[in-house]
Amino acid sequence: MDLAINALRFIANSALDVLPIAIFLFVFQRVVIGGPMPNRNRILIGFGFVIVGLGLFLVGLEQTLFPLGRLMAQQLTSPEFLMSDAANSVSILTWQDFYWVYIFAAAIGFSTAMAEPALIAVSMKANSVSAGAIGVTGLRVAVAIGVSVGVSLGCFRIITGLPLQYFITGVYLVVILQTAMAPKLIVPLAYDSGGVATSTVTVPLVTALGLGLAEAVPGRSPLLDGFGLVAFACLFPIISVLAYGQLAALRERVSTSNGDQRDTEQEENHAL
Amino acid sequence: MKESLYALAKDAANSLRDLLPIVLVIGVFQVFVIRQPVEGLMSLFIGGLLVVAGLACFIFGLRLALFPVGEGLAYSLAGKGSVFWLITFAFVLGFGTTVAEPALIAVAAEAAQVAAAAGEITSSAESMARYAYGLRMTVALAVGVALVIGVFRILANWSLPLIIIGGYVLVILLTGLAPPEIVGIAYDSGAVTTSTVTVPLVTALGVGLASSLRGRNPMIDGFGLIALASLTPILFVLIYGILV
C-alpha cells in the first residue's frame, strides 16, 4: 500500500518535471517551425510512457539500487568482514585490506557501463557516422574498462583520503597529452564518452557506493569524501577511448608497413 | 497496437538484459564474498521489477515521443538556418532535459541529505528540498549554456580540444578558490547531467547540425556537445559554492 502511494507520488513528480519539456517542444513546433506536430497522438502517448516510466524507475531505485549499493559498501568495508581474513590479525587496516572493495567497484563499474542505454545509443550513432570504422561493442567495452578503472581508483581515493583534485588534475594532464597524439576523429567522441558512460544506471549505484564507503571508513566525511566517485567514472573513459583510438591507429600503421592496402582497411575496421 | 505491445515487450526484455550483469555482480558478491543473508529480499525483488518496468516504459516513451520530436525539430531548425532560434532551442533543450533528469534528482536529494547530516544546512525537509532544488537549477542552467556554446562551436567551427582543455584549466583554478565541501559534488554534477534523456537527443542535435552544414565532418564536429555538458556543471557548481 505504501509502495502504491509512493509510486503515485513519484509519477506525479515526474509529470511536473517532464510536462514543461513537452509543452516547450509543442509550442516551439507550432510557433517557430510552423504547422501542427506530426504524429501528435503517438507523441502524447509517448510522453505518458516517459512520465510513468520515470516515476516507476525512481521508486524502484529508492527501494533497490541505493540501499543495496550502500549495504554492500558497508558490508565490504565492515571491520568484521575485513578482519575475517586469516592474515589480518592486527587491528590497523591499510588500504590493501580493502581489495574486495576494489574488485567490487571494478565489476560494478564495468557491468553498469555496459548496461547503460545512453552508451548503446551513442555507440550506434558513432558506428553509423564513422561508416562502420568504430564498432558498437568495441566502443562500449573501451568505455566500460574506463569506468571500471575509474570507480576502482575512486574507491582507493576514498579509502586513502587523498584529495580529489590531485587525481582530477592528473587525469586532465594525461587527457591533454593523449589529445595531442590520438587520431583527430576519435577525440570529440572520446570527450563525449565520459558523460555518456555515467548515466541512469551507473550514477545512482556508484554514488551510493561512494557515500556508503565514506560513511564506513573511519575518518571520512560523506560530504568531503563520498562524492567524486562519479567524476572518476566520467573521466577515465576519456582516457580509455583515446587509447582505443591510438591503439587502432597503431595497428593500422603496423599493417601499412607490411604493405597490402586492402588488408590495412580491414585491419583498421577490425581494430576499431 | 500489436506492434507497440511487441516493442514494449522488447524494451522490457532489453531492460532486463541490460540490468542483468549488475544483478549478477551483486549476486556473486553476496553469495561468495559477503556470505550474509540479505534482508528484505521480497522488497528488493519488487523494487527491481519496478526499475525494469520503469526503464522499459521510459525508453519506449522516449522513442515514441522525445526522439522523433527532438530530432525533427533539430533538423527543421538546421534547415531553417536561424541562429537565434537554434541557440534558443539548444538552451531550453539542455535546461529542460537536465531539470527532469532522474539521476540528477536522485543525486541532488542524496547531496541534500549529506549536507544536512554534516550541518551545512538545517535538516528540515524544507531546507533540504531547497538545497536539492538549488543544485538542480544550477546544473540545469550550466547544461543549457553548454549546449549554446556547443552549437555555436559547430556553427563557427571552433576547435573542441581547445575549449575543453581551457575548461579544465578553469576547473583547476576554481577548485582552489571553492569551499572544499562543494568540490566533490561539483565534479560529480558534471557526470550526472548527461543521462538517458539528454544524451541521444543532444547527440542527434549535434550530428544533425554538423551533417547539414557544408565543410563539417559529423565525426569531428557533431560530437562534443555531451563533453561540454559534462564540463560546465563543474564550473557552475564551483562558482555557486564560491558565491553562496
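Computed from a predicted structure; not experimentally measured.

Would you explain the overall build of chain A in this entry?
Looking only at helices and strands, chain A features 13 helices and zero strands. Reading the helices (α) and strands (β) of chain A from amino to carboxyl end gives α-α-α-α-α-α-α-α-α-α-α-α-α. Buried positions account for 56% of the 272 residues belonging to chain A. When contacts within chain A are restricted to residue pairs at least 6 apart in sequence, long-range pairs at least 24 apart make up 74% of them. On chain A, roughly 11300 Å² of surface is accessible, and the fraction owed to carbon and sulfur atoms is 65%.

Help me understand the side chain of Gln178 of chain A, please; the structure alone is not making it clear to me.
Residues and elements named next belong to chain A. Locating Gln178 in the fold gives a position in helix α8 (residues 164-181). A distance of 3.3 Å separates a polar side-chain atom of Gln178 from the backbone oxygen of Ile239. If near-sequence neighbours (up to four positions away) are discounted, Gln178 is found in contact with Ile239, Leu242, Ala243 and Gln246.

So what exactly am I meant to see when it comes to the confidence of the model for chain A here?
In low-pLDDT segments, the atomic positions of the prediction should not be examined closely. Residue and element names in this part refer to chain A. In this model, chain A carries an average pLDDT of 80, and 85% of its residues clear a pLDDT of 70 or more. Mean pLDDT values over the elements of chain A span from 44, in helix α13 (residues 261-271), up to 92, in α8. Long-range and interchain partners of residues 259-271, a stretch whose pLDDT sits below 50, account for 13 contacts in this model, where long-range means more than four residues apart.

What is the right way to read the packing of helix α3 (residues 83-99) of chain B against helix α5 (residues 125-156) of chain B from this model?
Helix-helix packing is described using two parameters, namely the angle between the two axes and the distance between the axes. All names here are of chain B. As a packed pair, α3 and α5 sit with axes 7 Å apart at the nearest point and diverge in direction by 145 degrees. Here the hand of the crossing between α3 and α5 comes out right-handed. Grouping the constituent residues of the contact of α3 with α5 by class yields 19 nonpolar, three polar and one charged.

So what exactly am I meant to see when it comes to the interface of chain A and chain B here?
Taken residue by residue, the interface counts 89 residues in chain A and 93 residues in chain B. Between chain A and chain B, the buried area comes to about 8100 Å², and carbon and sulfur atoms account for 81% of it. There are zero salt bridges connecting chain A and chain B. The interface formed by chain A and chain B includes seven residue pairs in polar contact (both at pLDDT 80 or more). With 16 residues, helix α2 (residues 40-63) of chain A is the largest single contributor of residues to the side of chain A that touches chain B. When the residues that make up the side of chain A that touches chain B are grouped by side-chain class, the tally is 64 nonpolar, 19 polar and six charged.

Quick question: what am I supposed to make of the packing of α8 of chain A against helix α12 (residues 229-257) of chain A here?
All names here are of chain A. Running from N to C, α8 and α12 cross one another at 20 degrees; their axes reach a closest spacing of 10 Å. Our classification of the angle between α8 and α12 gives roughly parallel. Along this stretch, α8 crosses α12, giving a crossing that reads as left-handed. Contacts from Leu164, Phe167, Ile168, Val171, Tyr172, Val174, Val175, Gln178, Thr179 and Met181 in α8 reach Ala231, Phe232, Leu235, Phe236, Ile238, Ile239, Leu242, Ala243 and Gln246 in α12. Residue composition of the contact of α8 with α12, grouped by class: 16 nonpolar, three polar and no charged.

Sorry if this is basic, but what is going on with the nonpolar core here?
Taken as a class, soluble globular proteins show a tendency for nonpolar side chains to be buried jointly. Counting 164 residues, the largest nonpolar core has Leu189 and Tyr191 of chain A together with Phe89 and Leu238 of chain B as the members making the most contacts within it. In terms of domain composition, this core takes at least three residues from each of domain 1 (1-63) and domain 2 (77-271) of chain A. Those residues in contact with Leu189 of chain A, other than ones at most four positions away along the chain, are Val122, Ala126, Ile134 and Leu139 of chain A together with Met219 and Phe223 of chain B.

In this structure, what is going on with the confidence of the model for chain B? I would like to understand it.
Residues and elements named next belong to chain B. The predicted model of chain B averages 82 in pLDDT, with 93% of residues at 70 or higher. Helix α6 (residues 160-177) holds the highest mean pLDDT among the elements of chain B, 92, whereas helix α4 (residues 102-117) holds the lowest, 73. Scoring the predicted complex yields pTM 0.80 and, for the interface, ipTM 0.80.

Hey, could you run me through the packing of aromatic side chains in this one?
Two aromatic rings, taken as a pair, are described by how far apart their centres are and by the angle between their planes. Tallied over the full model, the rule gives 13 aromatic pairs over all chains. Taking 6.4 Å as the distance between ring centres and 55 degrees as the angle between the ring planes, the aromatic pair formed by Tyr102 of chain A and Phe156 of chain A counts as tilted. You can see Tyr102 of chain A sitting in helix α5 (residues 99-115) and its partner Phe156 of chain A sitting in helix α7 (residues 136-160), a full 54 residues away along the chain. The residues Tyr102 of chain A and Phe156 of chain A share a single accessibility class, namely buried. With 5.8 Å between their ring centres and 35 degrees between their planes, Phe152 of chain B and Trp158 of chain B make a pair best called tilted.

So, how was this worked out
Residues numbered from 1 in each chain as written. Chains lettered and ligands numbered in written order. Predicted model: local features only at pLDDT ≥ 70, side-chain atom pairs only at ≥ 80, totals over all residues. Heavy atoms only, no water. Helix = DSSP H or I, 4+ residues; strand = E, 2+ residues; numbered from the N terminus. Buried < 20%, exposed > 50% of the residue type's maximum accessible area, 1.4 Å probe, protein only. Contact = heavy atoms within 4.5 Å. Areas by Shrake-Rupley, 256 points an atom, 1.4 Å probe, with all protein chains shown as cover. Polar contact = N/O pair within 3.5 Å; in protein donor to acceptor, adjacent residues only side chain to side chain. pLDDT = per-residue confidence, 0-100. Axes fitted to C-alpha atoms, helices over the stretch in contact; angles between N-to-C directions. Left-handed = near helix turned anticlockwise from the far one by under 90°. Nonpolar A, V, L, I, M, F, W, Y, C, P; charged D, E, K, R; others polar. Buried area = accessible area lost by both parts, 1.4 Å probe. Salt bridge = Lys/Arg side-chain N within 4 Å of Asp/Glu carboxyl O. Parallel < 35°, antiparallel > 145°, perpendicular 65-115°, else oblique. Core = buried A, V, L, I, M, F, W, Y, C linked by side-chain atoms within 4.5 Å. Domains from an automatic or database assignment. Phe/Tyr/Trp six-rings, centres within 6.5 Å; stacked < 30°, edge-to-face > 60°.

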